[in-house]
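Here's the letter readout for the chains.
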Amino acid sequence: MADDTLDVNISSQEVRMGAPETSIVLVDITNTKTSDVAEVLYLSIPLGFVDQKHVSLIGFGPAALAPSGPLAHPPAGMTRYQLGSARGVAFGKGATITLHLSHITAVAAGSYTMQLQWGPRGGDLKTVDLNISVLGADDAPKIEYFTAKNSVVTLRTSRMPVELSWKTSPKSVVELYRLNTLLLPKSGSRSAPTTQNDYPDTDYGDAGLQPYRLEATEDGKTISRTIFVRVQNSGWNKIACDQGAPMNILSDGGNRLYGIFNSFKGSAIYPLDPSTGSMGTQDQMCPNGAVPDAMEKSPAAFFQNKIFLVGGSQVDASSFSNQVHSYDPKTRKWEDQSEGITWPARMGHAITAYANRLWLTGGVDENGNTLDDVYFTTDGKTWLGAKEVKAQGLPERFMTLPHEMCFHAMQGYSVVAGGQCIEALWVYGGLNTPFGSPYTSMWSTRLTGGWGEMKFFISTSVQSPDPGFGDPFGAAMTTAQNESKEEELRVIATYQPKNADLNSGMYSLQGMNPANLVKNGDNLSKQAVWAIKSSTMSTAQPFRLCAATFGNYIFVQSILSDLATDTLTFHVT
């Protein structure tokens with residue numbers, strides 16, 4: 001059935017009772033226009049026919065969305081779902097999206113009718129009926145299992161296969177599909193355990209879920225099962241997030257990865273696992289993980305086995321706070337740790353957990369003053385600034401930034417020199433005011449000394465305080481291992497070269513030879529080489545960038561004050 005926007009290809013299906021894991025394809029929906037479109041999609045399903053958690057809309061390219069939940073006023077005897085977000089489903093030019101159902105819970109054999117509606121938001125909707133036959137348990141072929149050995153496949157120079165295995169009932173004949181491409185045509189009985197390798201396209205593009213569908217036919221009756229494998233590139237990828245727009249991504253040090261997402265349902269913490277084919281859904285929120293009011297865009301860090309949200313917004317120049325809240329994933333409880341805080345409310349600041357301390361630097365106060373202060377806490381409750389450190393008779397020179405800054409990147413990174421491990425705090429980029437001029441320098445300080453400015457050499461004859469790509473409009477820092485398993489300081493930044501478009505990339509601070517460390521009094525400075533470690537990273541112009549390392553993944557998200565995207569960028573080594 002077609003209109004002037006979407007082409008809806010109906011797939012009549014049969015499903016066998018007693019096989020709730022069976023997945024059936026209802027329709028393929030294609031954008032026939034020469035430009036991107038966004039349309040609302042509704043699906044009405046007979047009551048009790050399917051577990052609502054398994055109504056899925058799997059898109060390739062710009063869309064990979066799932067249901068937002070039942071809506072009011074469905075047709076009689078049905079539950080109505082809106083697919084995708086309240087804004088509708090985004091269809092890229094020429095993109096095809098497949099609607100499928102799994103976990104069928106129908107208790108009686110017979111014919112069932114569903115209703116699909118689509119159209120522009122606020123406009124007239126087109127309607128089509130989808131018919132499904134539910135067969136008795138003994139009236140259809142069986143698929144005992146259909147699995148993929150790896151739920152994630154990374155495309156590298158040497159092609160990596162997807163290894164598929166299945167077993168069906170003795171008389172079944174099977175067909176195997178990748179999306180809508182036939183990989184294995186019907187060719188006689190395949191009832192014995194069977195393994196087949198498939199090599200996804202090395203030009204697959206952005207990371208996404210690749211569906212494999214097995215169809216088993218017996219005595220003219222066909223059932224199918226669909227599994228999904230995440231296909232990603234070695235290098236930069238993008239992934240759509242069902243949970244909403246990512247505000248923060250943070251690692252607990254290597255065991256777990258967490259994301260703070262904002263959607264029309266609110267803001268919450270979600271566990272993420274990039275080693276599996278799924279990065280989670282709206283239904284997998286951490287228990288009691290709803291974020292405290294007005295803190296969804298506060299900077300976050302993992303400290304003392306808890307997720308800390310500190311101060312006001314990273315990007316909203318009107319959202320100031322000196323509140324501190326922590327979430328414990330084990331006890332599943334939030335704790336307000338704001339009592340006794342003396343540092344002024346702020347926004348645009350930076351935090352990081354390093355050397356058994358949680359650090360807070362810079363930002364803008366409620367009077368519009370850009371700050372140069374440094375605070376830290378060792379217990380998450382008592383914060384020390386320059387005044388408190390001096391009162392304890394400790395060195396205080398590192399407790400004031402080299403200049404006022406906001407929207408800057410900060411990271412702890414230890415340098416080994418002369419057989420000693422030197423703990424150092426690093427800051428880079430930032431602005432002099434929320435909408436002011438970017439800084440191009442990187443600074444570091446030992447935790448007992450003053451700040452020293454880093455100098456970078458693009459070549460033996462050209463020296464520059466930045467990698468030579470212009471002003472860093474947004475930057476983030478993290479640490480990651482290189483190919484030799486050595487820890488490096490990674491800088492991810494979006495630059496504005498003179499008379500050129502924005503350009504983003506990831507760079508490594510290399511050359512950790514002790515001879516490159518220059519000690520000037522108590523200032524620690526460094527001469528190093530900026531080396532491009534990847535191809536250009538595609539992202540919108542950000543006010544802030546945040547980054548987190550998890551295994552061989554580096555996750556990056558841009559955070560803007562008035563625009564949020566339901567996508568996450570990550571790099572795979």
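Rules behind the numbers
Residues numbered from 1 in each chain as written. Predicted model: local features only at pLDDT ≥ 70, side-chain atom pairs only at ≥ 80, totals over all residues. Heavy atoms only, no water. Helix = DSSP H or I, 4+ residues; strand = E, 2+ residues; numbered from the N terminus. Phe/Tyr/Trp six-rings, centres within 6.5 Å; stacked < 30°, edge-to-face > 60°. Lys NZ or Arg CZ within 6 Å of the ring centre and 35° of its normal. 1 Å grid on protein atoms, 1.4 Å probe; cavity = no way out; pocket = protein on both sides within 12 Å on 5 of 7 lines; lining within 4 Å. Points joined across faces, edges and corners; volume = space filled by probe spheres on them. Pairing = 2+ DSSP bridges. Axes fitted to C-alpha atoms, helices over the stretch in contact; angles between N-to-C directions.

Caption draft 1: Summary view of unusual backbone geometry. In the Ramachandran plot, Ala-294 falls in the positive-phi region, its phi being about 65° despite a non-glycine side chain. Looking at where Ala-294 falls in the secondary structure, it is placed in the loop between β23 (266-272) and β24 (300-303). Phi at Asn-305 is positive, roughly 65°, even though this residue is not glycine. Inspection of the secondary structure puts Asn-305 in the loop between β24 and β25 (306-310).

Caption draft 2: Quick look at the packing of aromatic side chains. With the rule as written, the count across this model stands at 10 aromatic pairs. Residues Tyr-327 and Trp-334 carry aromatic rings whose centres are separated by 5.3 Å and whose planes lie at 50° to one another, so their mutual orientation is tilted. Taking NZ or CZ as reference, Arg-213 lies 4.4 Å from the ring centre of Tyr-177, over its face. In this structure, Arg-357 packs its charged tip against the face of Phe-376, placed 4.7 Å from the ring centre.

Caption draft 3: Structural detail: empty space enclosed by the protein. In total, this model carries 1 cavity of 30 Å³ or more according to the counting rule given. Roughly 30 Å³ of internal volume is contained in the largest cavity. Phe-407, Gly-429, Gly-430, Leu-431, Pro-472, Phe-473, Gly-474 and Ala-475 together form the lining of the largest cavity.

Caption draft 4: Local environment of the sheet that holds strand β48 (residues 567-572). Read across the open sheet, the 4 strands follow the order β20-β48-β47-β46; overall the sheet is antiparallel. Each having just a single partner strand, β20 (235-240) and β46 (544-550) make up the two edges of the open sheet. When the angles between neighbouring strand axes are averaged without regard to direction, this sheet yields 25°. Where β20 lies against β48, 6 bridges are found, and the strand directions are antiparallel. The residue bridging Lys-238 from the neighbouring strand is Thr-569, located in β48.

Caption draft 5: Quick look at the pairing of strand β16 (residues 181-184). Both strand β15 (residues 173-178) and β16 contribute to a ladder of 3 bridges, which runs antiparallel. When the sheet's bridge partners are listed, Tyr-177 is paired in β16 with Leu-182. Counted between consecutive antiparallel strands, the loop separating β15 from β16 contains 2 residues, among which Leu-179 sits at a positive phi close to 55°.

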